Structure formats: structure tokens, C-alpha cells
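# Residue-level structural notes
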Amino acid sequence: MILGGVPDIRVVGEATDGAEVPAAVAAYAPHVVLMDIRMPRVDGLAATEALRAAPDPPEVLVLTTFDADEQVLRALRAGAGGFLLKDTPPAEIVTAVRRVAAGEATLSPAVTRTLIAHVTAPTPASGPDARQARALRLLDGLTPREREVAVALGQGRTNAEISAELFMSVPTVKAYVSRLLTKLALNNRVQVALLVHDAGLV
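Keep in mind it's a predicted model, so treat the numbers as computed, not measured.

So, on to the layout of surface pockets. There is about 1000 Å³ of room inside the largest pocket. Along the walls of the largest pocket sit 31 residues, with L3, V11, G13, V32 and L34 positioned nearest its centre. Among the elements of the structure, α1 (21-28), β1 (32-36) and α4 (90-101) are those that each provide at least two residues to the lining of the largest pocket. A class-by-class count of the residues in the lining of the largest pocket yields 22 nonpolar, three polar and six charged.

Turning our eyes to something else, we now look at empty space enclosed by the protein. Per the counting criterion, the structure on display carries one cavity of 30 Å³ or more. Residue lining of the largest cavity: E59, G81, V100, G103, E104, A105 and N188, and that is the complete set. Tallied by class, residues from the lining of the largest cavity come to two nonpolar, three polar and two charged.

This paragraph deals with the nonpolar core. L139, V149, L180, L184 and V192 are the most contacted members of the largest nonpolar core, which totals 22 residues. Those elements that place two or more of their residues in this core are α6 (130-139), α7 (144-154), α8 (159-166), α9 (170-184) and α10 (189-198). Residue contributions to this core peak at six residues, all from α9. If sequence neighbours within four positions are ignored, L180 has contacts with L142, E146, V149, A150, L153 and A185.

What follows covers the sheet that holds strand β3 (residues 82-85). If you trace the four strands from one edge of the open sheet to the other, you get β1-β2-β3-β4, paired in parallel fashion. Edge strands, defined here as strands with exactly one partner in the open sheet, are β1 and β4 (106-107). In terms of strand pairing, strand β2 (residues 59-64) meets β3 through four bridges, oriented parallel. Residue T64 lies in a different strand from β3, and its bridge partner there is L85. The sheet contacts of α4 involve β1, β2, β3 and β4, and relative to β2 the element is tilted by about 155°.

Another aspect to go through is the packing of aromatic side chains. All chains considered together, the criterion is met by zero aromatic pairs. Between R179 and the ring centre of Y176, over which it is positioned, the NZ or CZ distance is 4.6 Å.

One can describe the packing of α7 onto α10 by two numbers: an axis separation of 8 Å at closest approach and a directional angle of 95°. Between α7 and α10, the angle is such that the two are roughly perpendicular. Facing α7, whose interface residues are A150, V151, L153 and G154, α10 presents R189, V192, A193, V196 and H197. For the contact of α7 with α10, the per-class residue count stands at six nonpolar, two polar and one charged.

Here we take up the packing of α8 against α9. Running from amino to carboxyl end, α8 crosses α9 at an angle of 105°, the nearest separation of the two axes being 9 Å. Classified by the interaxial angle, the pair formed by α8 and α9 is roughly perpendicular. Where α8 approaches α9, its residues N159, A160, I162 and S163 are matched on the opposing element by V170, V173, K174 and V177. Residue composition of the contact of α8 with α9, by class: five nonpolar, two polar and one charged.

Take α10 next. An α-helix turns once per 3.6 residues; consequently, residues spaced three or four apart project the same way. Here α10 lies mainly inside the structure; nine of its ten residues are buried. Along α10, the residues that are buried comprise V190, Q191, V192, A193, L194, L195, V196, H197 and D198. Two residues or fewer past α10, G200 is found with a positive phi of approximately 80°.

Cut-offs used in this document
- Residues numbered from 1 in each chain as written.
- Predicted model: local features only at pLDDT ≥ 70, side-chain atom pairs only at ≥ 80, totals over all residues.
- Heavy atoms only, no water.
- 1 Å grid on protein atoms, 1.4 Å probe; cavity = no way out; pocket = protein on both sides within 12 Å on 5 of 7 lines; lining within 4 Å.
- Points joined across faces, edges and corners; volume = space filled by probe spheres on them.
- Helix = DSSP H or I, 4+ residues; strand = E, 2+ residues; numbered from the N terminus.
- Nonpolar A, V, L, I, M, F, W, Y, C, P; charged D, E, K, R; others polar.
- Core = buried A, V, L, I, M, F, W, Y, C linked by side-chain atoms within 4.5 Å.
- Buried < 20%, exposed > 50% of the residue type's maximum accessible area, 1.4 Å probe, protein only.
- Contact = heavy atoms within 4.5 Å.
- Pairing = 2+ DSSP bridges.
- Axes fitted to C-alpha atoms, helices over the stretch in contact; angles between N-to-C directions.
- Phe/Tyr/Trp six-rings, centres within 6.5 Å; stacked < 30°, edge-to-face > 60°.
- Lys NZ or Arg CZ within 6 Å of the ring centre and 35° of its normal.
- Parallel < 35°, antiparallel > 145°, perpendicular 65-115°, else oblique.

Next up, the structure:
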């Protein structure tokens, strides 16, 4: 009902269970999948992981009634382009669909707080864990300039802010972001930011 009356958005299909998502995506080729976490049999998180692992996947915007830390992080690590709570105002949901379709990350304020709490948590004194070691290993494969852009993404900088900070044009910043996603085998800039935080670089 929310999306049906929006002129530039067309609802092309629906699925009642995560197991139905791959077939529905293959049949309708949507640009964005609005994914509920709570579904029978295969939940939305598993469906998101499977969908984003496939070639040329659509963007995924997760919509749920709760923001448990583990679920937020699992969805974002799987490549979801956004995570919203169901009490998000309808106009903001519409905006989020447009943003995710354009390749921009979208998080509700509550989810953003969860993410901030995760990335600012102190590293265990015993040393880097397996996730940190993996993140450092991946980032070691970047050029110094790519690493600077990655760290800026980890700090939550926009393309325009990175442009001003690193003295490069916005199109050049976009090219670097695209290169980072390819080299790191990631789907969006939120995943790059999580990787940078996992490595302890910000």
C-alpha cells in the first residue's frame, strides 16, 4: 500500500517465505527487494545472504520490528543496503527504497546506534580476534590511496567529504569506492566501513 501509490516505484512481485525469494527474483528481476526478517521456514537473513551471494543480485532493504544487534550486523555483512524498523514513517521507507536502488546505504537511527555501539566496542586485551585478523589481511591488499578512501568510509564520510579531505574529484572518489568493492569482494560501502572497524583502523 505504501509503495503502490508512488509514481517512480513499481511493486513487481511478492514472496511469503524466504525460500520463495530466489525464484521470485529470477522471475521479476527487481532492482530492490524489501525483505522482512521474520518469515516461516527460511528467514529474511538467510534469504538475504543467499540472494547477495548470487551473480548480479538486486539491492536488499531489510525491514523488521526489532533491531537485535546480531541481526543488524548479519544483514549488513551479508550485503543488505539498508536496515529499517517497521515503525519508520512511510515517507522515509519510500526514500530508503530510492536510496538503496541508487546504491546508497540506509539505516534507521536505532540501527545506526547499534552499529556505532558495535564499532566503538573495545578490542579484547588478548589481541586481535579472527575477524580483525581477516580484516587486516584484506586491507593489506589495498594501495595506500585505496586504504585512505576505505578509512574515510569507515569514518562515515560522504563522497563529497572524501573529495574535499583527500583532494580528489567526486567522480574519482566514486571510482575508488567501486574499486574497493571489487577488490574486497564486498557489496556496498557499509560493508567496507564494517571491515575498517573490524581491523581497528578507526
